[in-house]
Amino acid sequence: MVTTRSSTRGTPGRADDGSGAAAGASGGADGDKLQTFHKGVAISMWQNSGDEHSNWTKFIRSPWPFSWLPFGLKRYSGTHSVEQACPDTWNRYEEDIALAVKAGCNAFRLSIEWARIEPRRGEFDEHAIARTNDMLDAMHAAGLEPNATLHHFTHPQWFEDLGGFERAENIPIFVAWALKAVELFGSRVTFWATFNEPTVQPPRRAPLRGAHRRRARPRRCARPAAPRRLPGRRRRRRRPQCAMFLGWITGMHPPGKVLACATAGRVVMHKLQAHVAAYEAIKRTPRGRTLQVGLVHHHITFLATGPRLLRALAGYAAGWMNYWWGYELIHEWMLTGRFTWRLPLLGQWLEWQCPGGRPPCDWFGVNYYSRAVVTWYLKPWCLPGEVMTDMYYPIYADGLYEALMQASQYRMPIYITETGIADRSDANRATMIDKYMQATLRAVADGADVRGFYYWTLVDNFEWNAGYMMEFGLYAWRPDGSVDRKLKDGARALVKYFKALPNGMAALRAAAEAMAASGELPDHGAMHDEAAEALSGLTARGQRRSSRRHHALLTAT
């Protein structure tokens, strides 16, 4: 077992007092901003516009599975890469800001691309800096509050060449980037996230190259059986997009390594150490006390189903996925500051304790899409009555409520920094939006300090190795040029909510409580009972999992 106690490896920092939000929630930021409910959209600038100097750009140019070979498969699905065609928010930001305002937004979450600002180490692109400031100014002029992410899966290729987050000595380099970003843009941005999903990237599935077919009606699951192959339709291949899993196990994400389980643990640990170091460094700056610095985590859980004996295989896999890339690891770290990385058969491999106890954080971002149901033969599925999305996970609003109530234990403001649906047919988008918004309002009514709802994403974009096959956008866009920023019918449900909900937190809480009292919002206790009943037929016969904890944390293993 490897044990480390230093959070910054040479970068001095202020230890948190253990209160979590103490450093920022009362730390001098504009009170009106803190008491505004953010209604926004979220984008990744690389996914919208690409970038010549990004590690992801070099990665998609190389063949899979081994980049050093002169031949191999494409690293993305579909016929177009982000280099060949893209929505190009970088150059069309005024249009996209206007579209966000038209959708009823008062906030806009975006990534500030490190590779654009510092394409070569120590060299800063003045044009990129000016463009980013113009973009932020345009947001303010339109009444949108920016929420900026420093690391949204991408970084400069020169940082990748140095070893990226595999090497602890690179943590100060990220801290220097965070300080530079605050120096350049801190007067225009109050809300900052150090990392987007340090352990997971949303589990997304891409079809086989060139295979896609529009569905005319929602696909509902009756039982976990192998789907019948329809005539003329090719089977979809599972592509679980966990950043650690795909980057260090299968080699399908940067840096393209295979079966590097121990290294994956070091990467997660170093990212969390970098968050602490960056937070402390930002707070020491003259402007630091006015800024709100948070961390964004993808809340996903894995549920095993099937007959009692055969379910053990799926249960074993689901247990490790919940620990590695689901809620468990970050949940323990947020509550205690203790990070542990365990491996099958080998046990505990890494351990690190955040100095001062709980990690410093002004707000916590929840990225939530669904939960994964895994059958005994490791096939993604859903429970009876649930609607499967194009990403092959179901619409599951109860999980969002559970994630928000769980995050409430951290005692800091919560923002839903991403939620959305891949739905090319647009048949289920309105349903998803309605159910997830109601779950959010129910959590607010039940005491969760939820201060924002960001939909992923504004315009259909390049979904990593899924390419342009997964369409999450409120506005339709196609790489062949056939559609350009057309509002989808299903997106009108979100526009209706955004324009109806109050901006102030006090008014929003009062509205949510009134809706709950009148029965307009779902009773999640009843939803739990329904889910438990559906699950009982898929698990051990005659054994019904009625425990609230088993439902809430989805540890039916």
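Details of the structure are given in the entry above.
Residues numbered from 1 in each chain as written. Predicted model: local features only at pLDDT ≥ 70, side-chain atom pairs only at ≥ 80, totals over all residues. Heavy atoms only, no water.

To continue, consider the pairing of strand β2 (residues 38-42). Of all 5 residues making up β2, 5 are buried, and the element is well covered by its neighbours. Covered by surrounding structure in β2 are His38, Gly40 and Ala42 together with Lys39 and Val41, the residues of both alternating faces. Summarising the sheet, β2 and strand β16 (residues 450-456) pair through 5 bridges and their orientation is parallel. Within the sheet, the bridge partner assigned to Ala42 lies in β16 and is Trp456. (Buried < 20%, exposed > 50% of the residue type's maximum accessible area, 1.4 Å probe, protein only. Helix = DSSP H or I, 4+ residues; strand = E, 2+ residues; numbered from the N terminus. Pairing = 2+ DSSP bridges.)

On to helix α11 (residues 311-324). Taking 1.5 Å as the rise per residue, α11 with 14 residues should run 20 Å; its terminal C-alpha atoms sit 20 Å apart, in good agreement. For α11, every residue scored as buried is listed here: Arg311, Ala314, Gly315, Ala318, Trp320, Met321, Asn322, Tyr323 and Trp324. Against the buried residues of α11 lie β8 (302-304), α12 (328-336), β9 (338-343) and β12 (372-374). (Expected span 1.5 Å × (residues − 1). Contact = heavy atoms within 4.5 Å.)

Our focus in this paragraph is the pattern of salt bridges. Under the defined criterion, the tally for this structure stands at 25 salt bridges. Put simply, Glu95 and Arg92 hold a salt bridge, and the shortest N to O gap is 2.9 Å. You can call Glu95 partly exposed: its relative accessible area is 39%. Here Glu471 makes a salt bridge to Arg478, at a shortest N to O gap of 2.9 Å. Neither Glu471 nor Arg478 differs from the other in exposure class; each is buried. By sharing partners, the salt bridges in this structure join Arg92, Glu95, Asp96, Asp484 and Arg485 into a single network. (Salt bridge = Lys/Arg side-chain N within 4 Å of Asp/Glu carboxyl O.)

Within the structure shown, the criterion is met by 26 aromatic pairs. Between Trp56 and Phe59, the aromatic rings sit 5.5 Å apart at their centres with planes inclined by 75°, giving edge-to-face as the arrangement. Taken together, the residues Trp56 and Phe59, both in helix α3 (residues 55-61) and 3 residues apart, mark about one turn of the helix. Note on Trp56: relative accessible area 1%, which makes it buried. Here Phe59 falls in the buried class, since its relative accessible area comes to 6%. With a centroid separation of 5.3 Å and an interplanar angle of 75°, the aromatic rings of Phe153 and Trp464 are classed as edge-to-face. In this pair, Phe153 is assigned in the loop between β4 (145-151) and α7 (157-161) and Trp464 in the loop between β16 and β17 (475-477), connecting sequence segments 311 residues apart. You can call Phe153 buried: its relative accessible area is 8%. (Phe/Tyr/Trp six-rings, centres within 6.5 Å; stacked < 30°, edge-to-face > 60°.)

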